[in-house]
There are 2 protein chains.
Amino acid sequence: MKNKPAPRNALYAQSGGVSAVINASACGVIQAALKARRHIGRIYAGRDGIVGVLTEDLIDLTRESPATIRGLRYTPAGAFGSARYKLKGLTENRAQYQRLIEVFRAHDIGYFFYNGGNDSMDTALKISQLGAAMNYPIACIGVPKTVDNDLPHTDCCPGFGSVAKYIAVSTLEGALDVASMARTSTKVFVLEVMGRHAGWIAAAGGLAGRKPGEAPHIILFPEIALDQVRFLARVRQCVIDYGYCVIVVSEGVKTADGKFLADAGTKDAFGHTQLGGVAPVVASMVQQAHGYKYHWAVADYLQRAARHVASKVDVEQAYAVGKAAVQYAISGMNAVMPAIKRRSSRPYRWQIVPVPLADVANVEKKVPREFVTADGFGITAACRRYLEPLIAGEDYPPYRDGLPAYVRIKGAAVKRKLTTEFKL
Amino acid sequence: MKNKPAPRNALYAQSGGVSAVINASACGVIQAALKARRHIGRIYAGRDGIVGVLTEDLIDLTRESPATIRGLRYTPAGAFGSARYKLKGLTENRAQYQRLIEVFRAHDIGYFFYNGGNDSMDTALKISQLGAAMNYPIACIGVPKTVDNDLPHTDCCPGFGSVAKYIAVSTLEGALDVASMARTSTKVFVLEVMGRHAGWIAAAGGLAGRKPGEAPHIILFPEIALDQVRFLARVRQCVIDYGYCVIVVSEGVKTADGKFLADAGTKDAFGHTQLGGVAPVVASMVQQAHGYKYHWAVADYLQRAARHVASKVDVEQAYAVGKAAVQYAISGMNAVMPAIKRRSSRPYRWQIVPVPLADVANVEKKVPREFVTADGFGITAACRRYLEPLIAGEDYPPYRDGLPAYVRIKGAAVKRKLTTEFKL
């Protein structure tokens, strides 16, 4: 009998802003890796993402219970911690990349799964390149995740469908509320949504209205400079025609001179420029021009953590890209990302295909002009056809005592092997 | 055979801010009234609440389909329109009350169901008194509704349980998000909730955390003046101890001199005092003192319209008070409100009992001191025991194409009988 070498270990890390379904991708990775015992030994995660890898602070996922692993599928946010920590170019930051390889080597990591957005795809690509250059072979697979839906070469990004569903549902519900009150009270309701550079989430608000006159009446996209005069005229016309006006505004909406409207000079109680909060700026603008009573909401983290109203399609896709990442890795692929390819919209059919990380890294996909109506304030039928399947289906978490029974990991630490410290 | 007079008609109206379950109360009223054909003829609603009654703009609910009536049970906001329109004292405003009686007489209204909060209970009481004085007998039944949960003599108010559940779920989800990000990014998350004078909704945020150290770490109640120094010290300690701090703040939180913190002088881009938005004020305060990166959310209408995550108990109670209102009316009661009486907390048992409108009108029930921890920043075990049953159970609406299939009424107008106009 021939002595086969022990299978190498796998490392999974979450990166950037979390989502309602990033843990569903983790679940896909872990369950697939546990089934691939011929290829994969132990399964680790970086605590707080790449920061945990750099500091050799790893979690042993092999020690989590099967129930906890299953529960990740319906638990929002980053169960292992994520990080906003961008590794720069190889030239400026070679020491960081070398440290990563050092940690990988110490723990015999043969597979690296990096779950994030554009930046993270770039990082995964660089690690795979440096690994090769340093004679440390490692399969680096990017697992896509962005609520902003701005990754190229994939029909959509896991995380987006659920935030889209939350915003569409919230717009519908908020609109019913203001419609009830409009005759004697609030006439304008402004909902601020995420998406600093790409207006996909704002566009999803448009799903709430199907017929002419239905809310939202106005969407403000980051891709389209705000024409204040036309905007205010439209608000007025809506109030005349329908009795009220619902506005969905992207946090990234800009004025004609390219400045964020949110930075338009709002001061807080202490005289400091207020960070964030474009909704109150838009609401004040309307109140100033027309005197209408208004309300505004800023969903902020609630939108991207809203696992309680997740899209079933989104959960399935998040799981599927995690699972595919492992299959790609053990079949010998490297520097690729499992992407979602749409086969048809009605009925919705999709499959997972590999795309090279080099094609995805650092490219941003914005809302194309043909998805926005000519007046710049709404979504077209083509946009609706694209978006609608992504919010389809419900996938409720289990509840206990009135609250979702989200899981928390045990998070057992992997014994350190290096004697060197790494300063972040 | 003796000629019996035709049964008199019923009128239902919604009042004040709407909720996720006020239409469930409407459903209870309408279905019970339809079954009481021996006592009740046609069933009308005021379009936009009392405003529709004053202007003789009535909707004929008898012409809505049974499917629409059933759908009201899972449709949020005010299906017939609500109004913020307070009728003042009988002396100042006798003409308004007389107009109401005039409209009632024209349409042979024998039963008036007024679905609202403290003010509305007062109005219903006055109408019943004036009806008697004007020799127009009418059964006036108040149907309780406030998301603020501030009505006395009822264990809770329909509408509150669902907003409580939404806020508890959102606090839990938002907290998981910030916990994931805290090491390298956001350390403080502030969620602003409704409840200008009573902190019940803020208290509900406390349900998200069960163990010491779990979010929310700080709740700011309108009943307790903000001690800025102690508050900021607590925020800092939380970040040291747990790595992050989640704060639930009531829109009605006040400074020691009794002023709303939201009015603390925030100016918008145009130099006007910003209306609403205490979350950014609190977040700035923290950032100013400690420099922590923060995020904040203002749920506003989303919280009270969130039928998608309604409490099953709340839906059942909302329906039950509507149904009981009709039963009280046809059994000859007048100037009462069906109230919820708690029989036990664990297991939760409740029943509906009548209370006189005179006891309820214009009284506000605040969060008692013993429901707030000694430090003023959390909820006690007694508060949790009170709140927990109210968010129990899920009652999801049906979905179509990814969105809740909420119903809209046809809203057929009742033919006018009066020749006089009424100016609001």
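Given the structure is predicted, the values throughout are model-derived calculations rather than measurements.

Comments concerning the overall build of chain A
Right, so step 1: Secondary structure assignment for chain A yields 13 helices and 13 strands.
Right, so step 2: Here the C-alpha radius of gyration of chain A, 23 Å, is about what a compact globule of 424 residues would show, namely 22 Å.
Right, so step 3: The dimensions of chain A, computed from C-alpha atoms along their principal axes, are 85 × 45 × 40 Å.
Right, so step 4: Relative to its 424 residues, chain A shows a buried fraction of 59%.
Right, so step 5: Sequence separation of at least 24 residues holds for 75% of the intrachain contacts in chain A that already meet a minimum separation of 6.

Comments concerning the interface of chain B and chain A
Accessible area lost during the coming together of the parts is what is often quoted as the interface size.
Right, so step 1: Facing the 68 residues of chain B at the interface are 68 residues of chain A.
Right, so step 2: At the level of elements, helix H6 (160-181), helix H9 (278-290), strand E9 (294-298), helix H10 (301-305) and strand E13 (403-404) of chain B are the ones that each hand at least two residues to the side of chain B that touches chain A.
Right, so step 3: With 13 residues, the top contributor of residues to the side of chain B that touches chain A is H6 of chain B.
Right, so step 4: Counted by class, the side of chain B that touches chain A contains 35 nonpolar, 19 polar and 14 charged residues.

A few points about the packing of helix H1 (residues 22-35) of chain A against helix H11 (residues 312-330) of chain A
All names here are of chain A.
Right, so step 1: Interhelical geometry of H1 versus H11 gives an angle of 35 degrees and a closest axis separation of 7 Å. As H1 packs across H11, the resulting crossing turns out to be right-handed. On H11, the residues touching Ala24, Ser25, Ala26, Cys27, Gly28, Val29, Ala32 and Ala33 of H1 are Val315, Ala318, Tyr319, Ala320, Val321, Gly322, Lys323, Ala325, Val326 and Gln327.
Right, so step 2: By residue class, the composition of the contact of H1 with H11 is 13 nonpolar, 4 polar and 1 charged.

Remarks on the relation of the copies chain B and chain A
Right, so step 1: Superposing chain B onto chain A takes a rotation of 180 degrees combined with a translation of 0.0 Å along the rotation axis, leaving an RMSD of 0.0 Å. Each copy turns onto its partner about a two-fold axis. The C-alpha atom lying nearest the rotation axis in chain B is that of Val298 of chain B; the distance is 2.5 Å.
Right, so step 2: The fraction of interface residues of chain B whose copies in chain A are also interface residues reaches 100%, indicating that both copies meet through the same surface.

Description of the packing of helix H4 (residues 94-106) of chain A against helix H5 (residues 118-133) of chain A
Axes are the key here: two packed helices are described by the angle between their axes and the distance separating the axes.
Residues and elements named next belong to chain A.
Right, so step 1: Between H4 and H5, the least distance of the axes is 10 Å, while the angle of their chain directions is 70 degrees. Relative to H5, the element H4 lies roughly perpendicular. Side by side, H4 and H5 meet where Tyr97, Leu100 and Ile101 of the first sit next to Lys126, Ile127, Leu130 and Gly131 of the second.
Right, so step 2: Residues of the contact of H4 with H5, tallied by class, amount to 5 nonpolar, 1 polar and 1 charged.

Notes on the pairing of E9 of chain B
All names here are of chain B.
Right, so step 1: Extensive coverage of E9 is indicated by the burial of 5 of its 5 residues.
Right, so step 2: Burial along E9 is two-sided: Tyr294, Trp296 and Val298 and His295 and Ala297, pointing in opposite directions, are all buried.
Right, so step 3: With 5 bridges connecting them, strand E6 (residues 188-193) and E9 associate as parallel partners. Bridge assignment links Leu191 to a residue of E9, and that residue is Ala297.

Considerations on the confidence of the model for chain A
Right, so step 1: Summary statistics for chain A give a mean pLDDT of 94 and a share of 96% for residues scoring 70 or more.
Right, so step 2: Predicted complex, confidence summary: ipTM 0.96, pTM 0.96.

Considering H5 of chain A
Residue and element names in this part refer to chain A.
Right, so step 1: Along its 16 residues, H5 runs 23 Å from first to last C-alpha, staying within 8% of the 22 Å computed at 1.5 Å per residue.
Right, so step 2: For H5, the complete set of buried residues consists of Asn118, Ser120, Met121, Asp122, Thr123, Ala124, Leu125, Lys126, Ile127, Ser128 and Gly131.
Right, so step 3: In this structure, the buried residues of H5 make contact with H4, strand E4 (109-116), strand E5 (139-144), strand E10 (336-344) and helix H12 (357-360).
Right, so step 4: Where H5 ends, the next residue or the one after it, Asn135, has phi of about 60 degrees, a positive value.

Remarks on the environment of Lys145 of chain B
Right, so step 1: Considering the arrangement of structural elements, one finds Lys145 of chain B in the loop between strand E5 (139-144) and H6.
Right, so step 2: If we ignore the near neighbours within four places in the chain, the residues touching Lys145 of chain B are Ser19, Ile22, Ser25, Asn115, Gly116, Gly117, Cys157, Pro158 and Gly159 of chain B.

Observations regarding the domain arrangement of chain A
Residue and element names in this part refer to chain A.
Right, so step 1: You can read the domains of chain A as domain 1 (8-146 + 309-363 + 394-404) and domain 2 (160-305).
Right, so step 2: Look at where the C-alpha atoms of domain 1 and domain 2 centre, and you get two points 34 Å apart.
Right, so step 3: Taken together, the contact between domain 1 and domain 2 spans 13 residues of the former and 10 residues of the latter.
Right, so step 4: Of the residues assigned to the side of domain 1 that touches domain 2, the class counts are 8 nonpolar, 4 polar and 1 charged.

Quick word on unusual backbone geometry
Right, so step 1: Residue Pro347 of chain A follows Arg346 of chain A across a cis peptide bond; omega there is 0 degrees.
Right, so step 2: Its location among the elements puts Pro347 of chain A in the loop between E10 and strand E11 (349-356).
Right, so step 3: Cis geometry is adopted by the peptide bond preceding Pro216 of chain B, which originates at Ala215 of chain B and carries an omega value of 0 degrees.
Right, so step 4: Residue Glu56 of chain A is not a glycine yet carries a positive backbone phi of 55 degrees.
Right, so step 5: Secondary-structure assignment places Glu56 of chain A in the loop between helix H2 (50-54) and strand E3 (58-60).
Right, so step 6: Backbone geometry at His153 of chain B places phi at a positive 60 degrees, although glycine is not the residue there.
Right, so step 7: Within the secondary structure layout, His153 of chain B lies in the loop between E5 and H6.
Right, so step 8: His153 of chain B gets classed as partly exposed once you count the C-beta atoms within 10 Å, which come to 17.

Re the environment of Leu226 of chain A
All names here are of chain A.
Right, so step 1: On the secondary structure map, Leu226 appears in the loop between strand E7 (218-220) and helix H8 (228-242).
Right, so step 2: Judged by C-beta crowding, with 20 C-beta atoms within 10 Å, Leu226 ranks as buried.
Right, so step 3: Remark: the alpha-carbon pair of Leu226 and Asp257, spanning 31 residues in sequence, is separated by 9.6 Å.
Right, so step 4: Those residues in contact with Leu226 that sit more than four places away from it in its chain are Leu220, Phe231, Val253, Lys254, Thr255 and Leu261.

Brief notes about the nonpolar core
As a rule of thumb, soluble globular proteins bury nonpolar side chains together.
Right, so step 1: Core analysis: the largest hydrophobic core is formed by 301 residues, its most contacted members being Val190 of chain A together with Val190 of chain B.
Right, so step 2: Here Val190 of chain A is in contact with Ile247, Val249, Ala279, Val282, Ala283, Tyr294 and Trp296 of chain A, once residues within four sequence places are set aside.

As for helix H1 (residues 22-35) of chain B
Residue and element names in this part refer to chain B.
Right, so step 1: The end-to-end C-alpha distance of H1 is 20 Å, a good match for the 20 Å that 14 residues give at a rise of 1.5 Å each.
Right, so step 2: Of all 14 residues making up H1, 12 are buried, and the element is well covered by its neighbours.
Right, so step 3: Where H1 is concerned, the buried positions are Ile22, Asn23, Ala24, Ser25, Ala26, Cys27, Gly28, Val29, Ile30, Gln31, Ala32 and Ala33.
Right, so step 4: Of the surrounding elements, those touching the buried residues of H1 are strand E1 (8-14), strand E2 (40-46), helix H3 (66-71), strand E4 (109-116), E5 and helix H11 (312-330).

Digging into the environment of Lys165 of chain B
Right, so step 1: On the secondary structure map, Lys165 of chain B appears in helix H6.
Right, so step 2: The sequence separation of Lys165 of chain B and Leu387 of chain B amounts to 222 residues, and the corresponding C-alpha distance is 9.6 Å.
Right, so step 3: Excluding its chain neighbours within four sequence positions, the residues that come into contact with Lys165 of chain B are Gly402 of chain A together with Val309, Ala310, Ser311 and Ile391 of chain B.

Each value, and the rule that gives it
- Residues numbered from 1 in each chain as written.
- Chains lettered and ligands numbered in written order.
- Predicted model: local features only at pLDDT ≥ 70, side-chain atom pairs only at ≥ 80, totals over all residues.
- Helix = DSSP H or I, 4+ residues; strand = E, 2+ residues; numbered from the N terminus.
- Rg over C-alpha atoms; globule rule 2.2 N^0.38 Å.
- Buried ≥ 20, exposed ≤ 12 C-beta atoms within 10 Å, placed from the backbone.
- Contact = placed C-beta atoms within 7 Å.
- Nonpolar A, V, L, I, M, F, W, Y, C, P; charged D, E, K, R; others polar.
- Axes fitted to C-alpha atoms, helices over the stretch in contact; angles between N-to-C directions.
- Left-handed = near helix turned anticlockwise from the far one by under 90°.
- Least-squares fit on C-alpha atoms with pLDDT ≥ 70 in both.
- Parallel < 35°, antiparallel > 145°, perpendicular 65-115°, else oblique.
- Pairing = 2+ DSSP bridges.
- pLDDT = per-residue confidence, 0-100.
- Expected span 1.5 Å × (residues − 1).
- Domains from an automatic or database assignment.
- Core = buried A, V, L, I, M, F, W, Y, C linked by C-beta atoms within 7 Å.

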